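Structural characterization, general
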Amino acid sequence: MTRFFDIFFSGIAIIILLPLMIPIMIGLKLTGEHDIFYKQERIGKGGMPFGVLKFATMLRNSPNMAGGVLTQKNDPRILPMGKFLRKTKINELPQLVNIFIGQMSVIGPRPQAKRHYDLYSAEVKSAIDTVVPGLSGLGSVAFRDEEDMLNAVEDRDHFHDTIIAPYKGALEVWFVQHRSVAVYFKLIWLTVLAVLKPSSKAWRKAFKELPPVPAELEQYI
């Protein structure tokens, strides 16, 4: 339904953004551990794993170090250019390649690492497994500042696993049930708005009958 737009947008974006990405690649090669890209295993359509491409922003062995797959404030595992790339989401740009070859879409449920995928209920898994994951989507827009949110609570893992993950899953199910070309383009616009104004809550007014926001999340999203 939206595959044509995925190919068109990702192809154009790769061409336009290449002049921006080349200096970043040079900078990464000259700093940190000299890695340019990082391929992270995520769960995609059909519950099958695939490699999500990102610019390298953390030490190679980060998942096996203290903190695991969740990044902390002033995380010592973040490379010199990593904080800027992560804050601006520029580190996600290599996923344009994932989109172009069909592993991802511009808009869809955000692909999760297996540990986080396994937090989802059977209902959520059965819904998101039917579609290609996205570079952005309803869950991504709602939780634009997830790292800052986790930095504000005492027990990061508990808050993520019991509060964030269930609501994010509910949003992803809503998207799968209501996906259309109109929703696709509306979420592209909301993604741009979230990047320009991270505090924006426009997504809450953009769609009708969204799952109600849990009380624990009201102050954050």
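Residues numbered from 1 in each chain as written. Predicted model: local features only at pLDDT ≥ 70, side-chain atom pairs only at ≥ 80, totals over all residues. Heavy atoms only, no water.

**So, the overall build of the chain**
The secondary structure content of the chain amounts to 10 helices and 4 strands. Taken over C-alpha atoms, the radius of gyration comes to 17 Å for the chain, in line with the 17 Å a tight globule of 221 residues would show. Taken over the C-alpha atoms alone, the chain extends approximately 50 × 45 × 35 Å along its principal axes. Among the 221 residues that make up the chain, the fraction classed as buried is 45%. Carbon and sulfur atoms form 63% of the exposed surface of the chain, whose accessible area is close to 11,600 Å². Each charge sign in the chain was given a centre, from 27 positive and 21 negative side chains, and these centres are 6 Å apart. (Helix = DSSP H or I, 4+ residues; strand = E, 2+ residues; numbered from the N terminus. Rg over C-alpha atoms; globule rule 2.2 N^0.38 Å. Buried < 20%, exposed > 50% of the residue type's maximum accessible area, 1.4 Å probe, protein only. Areas by Shrake-Rupley, 256 points an atom, 1.4 Å probe, with all protein chains shown as cover. Lys, Arg positive; Asp, Glu negative; His and termini not counted. Charge placed at Lys NZ, Arg CZ, Asp CG, Glu CD.)

**Quick word on unusual backbone geometry**
Phi is positive for His-34, which is not a glycine, with a value near 70°. Inspection of the secondary structure puts His-34 in the loop between helix H1 (3–30) and strand E1 (37–43). The class for His-34 is partly exposed, based on a relative accessible area of 41%. A positive phi angle, close to 55°, is found at Glu-209, a residue other than glycine. Following the sequence through the fold, Glu-209 ends up in the segment after helix H10 (203–206). The class of Glu-209 is exposed, set by a relative accessible area of 75%.

**Some thoughts on the nonpolar core**
Phe-143, Trp-203 and Leu-217 are the most contacted members of the largest nonpolar core, which has 49 residues in total. When residues of this core are assigned to their parent elements, the largest contribution, 9 residues, is made by helix H8 (residues 156–178). Ignoring any residue separated from it by four or fewer positions in sequence, one finds Leu-217 in contact with Phe-143, Met-149, Phe-159, Ile-163, Ile-164 and Tyr-167. (Core = buried A, V, L, I, M, F, W, Y, C linked by side-chain atoms within 4.5 Å. Contact = heavy atoms within 4.5 Å.)

**Here's the deal with the environment of Ala-127**
Mapped onto the fold, Ala-127 is located in helix H5 (residues 122–128). Looking at Ala-127, the relative accessible area reads 13%, which means it is buried. With 90 residues separating them along the chain, Ala-127 and Phe-37 place their C-alpha atoms 30 Å apart. Dropping the residues within four chain positions of it, Ala-127 is found in contact with Val-173 and Val-176.

**Some points on the packing of H1 against helix H9 (residues 181–196)**
The N-to-C vectors of H1 and H9 enclose an angle of 25°; their axes lie 11 Å apart at closest approach. In terms of their interaxial angle, H1 and H9 are classed as roughly parallel. Residues Phe-5, Asp-6 and Phe-9 of H1 form the contact with H9, whose participating residues are Val-181, Tyr-184, Phe-185 and Ile-188. (Axes fitted to C-alpha atoms, helices over the stretch in contact; angles between N-to-C directions. Parallel < 35°, antiparallel > 145°, perpendicular 65-115°, else oblique.)

**Some details on empty space enclosed by the protein**
Rolled over the atoms, a probe sized like a water molecule indicates the empty space that remains. A complete count under the given rule lists 4 cavities of 30 Å³ or more for this structure. If you add up the space inside the largest cavity, you get close to 60 Å³. Residue lining of the largest cavity: Ile-43, Gly-44, Pro-109, Arg-110, Pro-111, Gln-112, Tyr-117, Ile-128, Asp-129, Val-131 and Pro-133, and that is the complete set. A breakdown of the residues in the lining of the largest cavity according to their chemical character gives 7 nonpolar, 2 polar and 2 charged. (1 Å grid on protein atoms, 1.4 Å probe; cavity = no way out; pocket = protein on both sides within 12 Å on 5 of 7 lines; lining within 4 Å. Points joined across faces, edges and corners; volume = space filled by probe spheres on them. Nonpolar A, V, L, I, M, F, W, Y, C, P; charged D, E, K, R; others polar.)

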